[in-house]
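What follows is each chain in one-letter form.
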Amino acid sequence: MTIGEMDYADIFFSTSLDPFSFIAHVLFLIFLFLMPIVLMNLLVGIAVGDIDKIRQNAEFERMEIEVLFTNQIEDNVPKWFQRKMYIAMETTFPNKIKKSKVMKVKRLLLRHDKNEEAIEAERKRNRDSEKLENMQREIDQISKRQIGRASCRERV
């Protein structure tokens, strides 16, 4: 299929290739096995590039459909309901604690657990820092030994 119009008899039984028959056979076999691989890789590359473009277009179309759907729903909702639900401006403070009664009760009930969690986290942090200090001491001792060995080698 990839060799197209090339005929085996024309290539290998012609007298014009007699001095180069071995090279002709080798080149023909390389072409025969290498061209399908190259062509398939090119086709795959083209297909992948097309898929990326299709995906981008699909994402934009999805956004457009969502906007149109939202518009359609807003148009179908009665005006009196829209006026009731409309919020001109809403400000949120992410670090501000809500002061509802439920949140106050919840905070009172969970305060003890949070303190226990904080204490446990502090203990773990202390254990980790002690381990880190021990490792640092060991590294310092090893480096001192290495420096001592290096100075002994220089003397010799």
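Keep in mind that what you see is a predicted model, and the values were worked out from it rather than measured.

A.B. asks: Please give an account of the overall build of the chain that cites residues and values.
C.D. replies: Looking only at helices and strands, the chain features 4 helices and 0 strands. Going through the 156 residues of the chain one by one, you find that 3% of them count as buried. Surface exposure of the chain reaches about 15,300 Å², of which carbon and sulfur atoms provide 63%.

A.B. asks: Before we move on, can you summarise a nonpolar patch on the surface with the specific residues and values?
C.D. replies: Residues F20, F22, I23, V26, L27, I30, L34, V38, L39 and L42 make up a contiguous nonpolar surface patch of about 950 Å² in total accessible area. Mapped onto the elements of the fold, F22 is located in helix α2 (residues 21-76). For F22, a relative accessible area of 64% gives the class exposed.

A.B. asks: Can you explain the packing of aromatic side chains? Please cite residues and give values.
C.D. replies: The tally for this structure, following the rule as stated, stands at 1 aromatic pair. When the ring of W80 is compared with that of F81, the centres are 5.8 Å apart and the planes differ by 80°; the resulting orientation is edge-to-face.

A.B. asks: Summarise the confidence of the model for the chain; cite the residues concerned and give the values.
C.D. replies: Scored by pLDDT, the chain has a mean of 79; 78% of the residues are at 70 or more. Element-level pLDDT for the chain is lowest in helix α1 (residues 8-12), with a mean of 66, against a maximum mean of 87 in α2.

A.B. asks: So what's going on with α2? Residues and values would help.
C.D. replies: Here α2 contains 56 residues, and its C-alpha end-to-end distance of 81 Å stays within 8% of the 82 Å for a straight helix at 1.5 Å per residue. A bend of about 30° at L34 is the largest found in α2, and the proline P36 appears one to four places after it.

A.B. asks: Please set out the pattern of salt bridges residue by residue, giving values where relevant.
C.D. replies: This model, assessed by the stated rule, comprises 5 salt bridges. A salt bridge links R123 to E120; the nearest nitrogen and oxygen atoms lie 3.7 Å apart. With R123 and E120 both in helix α4 (residues 101-155) and 3 residues apart, the pair spans about one turn of that helix. Measuring nitrogen to oxygen at the nearest pair gives 2.6 Å for the salt bridge that ties E122 to R125.

Definitions and cut-offs
- Residues numbered from 1 in each chain as written.
- Predicted model: local features only at pLDDT ≥ 70, side-chain atom pairs only at ≥ 80, totals over all residues.
- Heavy atoms only, no water.
- Helix = DSSP H or I, 4+ residues; strand = E, 2+ residues; numbered from the N terminus.
- Buried < 20%, exposed > 50% of the residue type's maximum accessible area, 1.4 Å probe, protein only.
- Areas by Shrake-Rupley, 256 points an atom, 1.4 Å probe, with all protein chains shown as cover.
- Patch = residues over 30% accessible without salt bridge, like charges linked within 9 Å, V, L, I, M, F, W, Y side chains within 5 Å.
- Salt bridge = Lys/Arg side-chain N within 4 Å of Asp/Glu carboxyl O.
- Phe/Tyr/Trp six-rings, centres within 6.5 Å; stacked < 30°, edge-to-face > 60°.
- pLDDT = per-residue confidence, 0-100.
- Expected span 1.5 Å × (residues − 1).
- Bend = angle between axes of the 7 residues up to and from the residue.

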